[in-house]
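These are the residues of each chain, in order.
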Amino acid sequence: MLRTWVDHTVATVWGSAEATVFFIVPDVWTSWLALHSPRRGMATTVSALAGALAGGATTYMTAQRMPPEATEEILTSIPGISAGMVAKVERQLDEQGWSALVLGPTRGVPYKIYARTLAHGNESFGRFMALSVPARMVRFLAVTGGVAGLGKLADRLGVGAKGKTATFLAGWAGFYTWYFTRGPGRNSESAGEVSPDELSDLG
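Note that residues are indexed from 1 along each chain, following the sequence as it is written. Note on the predicted model: pLDDT of at least 70 is required for a residue's local features to be given, and 80 or more for side-chain atom pairs to be given and counted; whole-chain, interface and lining totals, by contrast, use all residues. Working from all heavy atoms in the structure, the side-chain values ignore hydrogens and water.

**Q** Please clarify how the overall build of the protein chain should be interpreted in this entry.
**A** Summing up its helical and strand segments, the protein chain has ten helices and zero strands in all. Each helix and strand of the protein chain, placed in order from N terminus to C terminus, yields the pattern α-α-α-α-α-α-α-α-α-α. What you see for the protein chain is a C-alpha radius of gyration of 18 Å, in line with the 17 Å of a compact globule of 203 residues. Here the C-alpha coordinates of the protein chain stretch approximately 50 × 45 × 25 Å along the principal axes. Across the protein chain, every contact between residues at least 6 apart in sequence was considered, and the portion connecting residues at least 24 apart equals 75%. Accessible area of the protein chain: about 10,200 Å², with a carbon and sulfur share of 63%. The protein chain carries 18 positive and 16 negative side-chain charges, and their two centres are separated by 15 Å. The numbering of helices and of strands both runs from the N terminus, where a helix is a DSSP run of H or I of at least 4 residues and a strand a run of E of at least 2. Radius of gyration here is computed from C-alpha atoms only, and the compact-globule reference equals 2.2 Å multiplied by the residue count raised to the power 0.38. Note on contacts: a residue pair qualifies if any of its non-hydrogen atoms lie within 4.5 Å across the two residues. Computed by Shrake-Rupley with a 1.4 Å probe, the accessible areas treat only the displayed protein chains as cover when residues are assessed. Think of it this way: Lys and Arg go in the positive column, Asp and Glu in the negative one, and His and the chain ends go nowhere. Where a charge lies is defined by one atom per residue type: Lys uses NZ, Arg uses CZ, Asp uses CG and Glu uses CD.

Next up, the structure:
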């Protein structure tokens, strides 16, 4: 069916683009579909994952052929990514190891920064790809499933299609307004979490 092909093609391309240089998450697309049809939306999370894995592999392999300074320059030219965020990811990976890759993207830190940093550290490509599955899929499922649930609730409350659409657009617009103005990329000392040292300084 044409509609199914479009659903999955958009999810795949969007997932790949966001794992390389695009700055809007594919969750926008998968959750939009889920708002009106949970089954359609949840199905496309698999395609978004496939695209993200392809994009992550591209970012990793490209970074291996470039100096760290050049890849950092590319990353910091992307909206929402600062030099402080890149440095924070480097520290996370040094201190937390592979768990930083799995948890970081769920905290609003772009997956592509982890791909780039792991490549420069000559870490295992196979392990990177394997752990990219939970790193990407957990958030895809959580966001898409959450919006699907809100869509069902809106239906029970008698909210029409226009009302659901307006709420959806306002929600994502509000999120990205915050993200680009006050999110983790705007603070050179934070990438979505507070370290133990920072907590001790506050105490």
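And the narrative resumes.
**Q** I'm lost on helix α9 (residues 161–182) in this one. Help?
**A** Residue pairs spaced three or four apart in an α-helix point in one direction, given the helix's 3.6 residues per turn. Multiplying one less than the number of residues by 1.5 Å gives the expected span of a helix. With 22 residues, α9 ought to run about 32 Å at 1.5 Å a step, and its terminal C-alpha atoms sit 31 Å apart, in line with that. Burial classes: relative accessible area under 20% of the type maximum marks a residue as buried, over 50% as exposed, and values in between as partly exposed (1.4 Å probe, protein chains only). If you check which residues of α9 are buried, you get K164, F168, W172, Y176 and Y179. The buried residues of α9 occupy one face: seen down the axis, they fall within an arc of 85°. In this structure, α9 carries K162, T167, T177 and R182 as exposed residues pointing more than 90 degrees from its buried face. For α9, the elements touching its buried residues are α2 (27–36), α5 (83–96) and α8 (125–156). Each direction from the helix axis to a C-beta atom contributes to the arc, which is the arc of those directions.

**Q** Would you explain the nonpolar core in this entry?
**A** One broad rule of soluble globular proteins: the nonpolar side chains tend to lie buried together. Remark: nonpolar core denotes a set of buried residues (Ala, Val, Leu, Ile, Met, Phe, Trp, Tyr, Cys) joined through side-chain atoms within 4.5 Å. In this structure, V28, L101, I113 and F128 are the most contacted members of the largest nonpolar core, which totals 41 residues. When sequence neighbours within four positions are dropped, the list of residues in contact with V28 reads W14, F168, W172 and Y176.

**Q** Help me understand a nonpolar patch on the surface in this model?
**A** The grouping of L150, L153, L157 and V159 at the surface amounts to a nonpolar patch, some 370 Å² of accessible area in total. For L157, the location among the structural elements is in the loop between α8 and α9. In this scheme, patches are assembled from residues that exceed 30% relative accessible area and form no salt bridge. Like charges are connected within 9 Å, while nonpolar side chains (Val, Leu, Ile, Met, Phe, Trp, Tyr) are connected within 5 Å. In the sections that follow, a salt bridge refers to a side-chain nitrogen of Lys or Arg positioned within 4 Å of a carboxyl oxygen of Asp or Glu.

**Q** Explain α5 to me, please; I cannot follow it from the model alone.
**A** Compared with the 20 Å implied by 1.5 Å per residue over 14 residues, the 20 Å span of α5 between its first and last C-alpha is a close match. Among the residues of α5, those classed as buried are G84, M85, V86, K88, V89, Q92 and L93. Positioned one or two residues after α5, G97 has a phi angle of 70°, which is positive.

**Q** Would you explain the packing of aromatic side chains in this entry?
**A** By convention here, two paired aromatic rings are described through the distance between centres and the angle between planes. Paired rings are identified among Phe, Tyr and Trp, the last through its six-membered ring, by centres lying within 6.5 Å, and are further divided according to the angle between planes into stacked (under 30 degrees), edge-to-face (over 60) and tilted (the rest). Taken as a whole and judged by the stated rule, the model has 17 aromatic pairs. Of the aromatic side chains, those joined through ring pairs into one cluster are W14, F22, F23, W172, F175, Y176, W178, Y179 and F180.

Purely spatial values, then, with no claim about function.
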